[in-house]
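# Chains, contacts and geometry: an overview
In case you want the letters, here they are:
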Amino acid sequence: MEERITELELRFMQQEHTIQELNDTVCRQEITIERLVRDQNLIREQLRLLAPSINRSADEEEPPPHY
């Protein structure tokens, strides 16, 4: 009986360790996802500023400065 309890305790400890590792991985992934979303938003804004004609109709487009 004592051997079975010891085996169960060992399994429990291994599972706790695995759960902690999984939690750490999920936390790192969340941080990475948040950074990627920020970077994507920044790139989207930069593209919008560089190519306004993509987002505006021809009527809304300002003429080039040499006109």
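See the structure above.
Residues numbered from 1 in each chain as written. Predicted model: local features only at pLDDT ≥ 70, side-chain atom pairs only at ≥ 80, totals over all residues. Heavy atoms only, no water.

What follows deals with the overall build of the chain. On a plain count of helices and strands, the chain comes out with 2 helices and 0 strands. Entry remark: accessible area of the chain is about 6800 Å², with carbon and sulfur atoms responsible for 58%. (Helix = DSSP H or I, 4+ residues; strand = E, 2+ residues; numbered from the N terminus. Areas by Shrake-Rupley, 256 points an atom, 1.4 Å probe, with all protein chains shown as cover.)

For the structure shown, the criterion picks out 2 salt bridges. Here E7 and R11 are joined by a salt bridge, their closest N and O atoms 3.3 Å apart. With a gap of 4 residues between them, E7 and R11 both fall in helix α1 (residues 2–50), about one helical turn apart. Classification of E7 by relative accessible area gives partly exposed; the value is 38%. Judged by relative accessible area, R11 falls into the partly exposed class, the value being 48%. A salt bridge links E45 to R48, with the nearest nitrogen and oxygen atoms 2.5 Å apart. Placement of both E45 and R48 in helix α1 is noted, with a separation of 3 residues, approximately one turn of the helix. (Salt bridge = Lys/Arg side-chain N within 4 Å of Asp/Glu carboxyl O. Buried < 20%, exposed > 50% of the residue type's maximum accessible area, 1.4 Å probe, protein only.)

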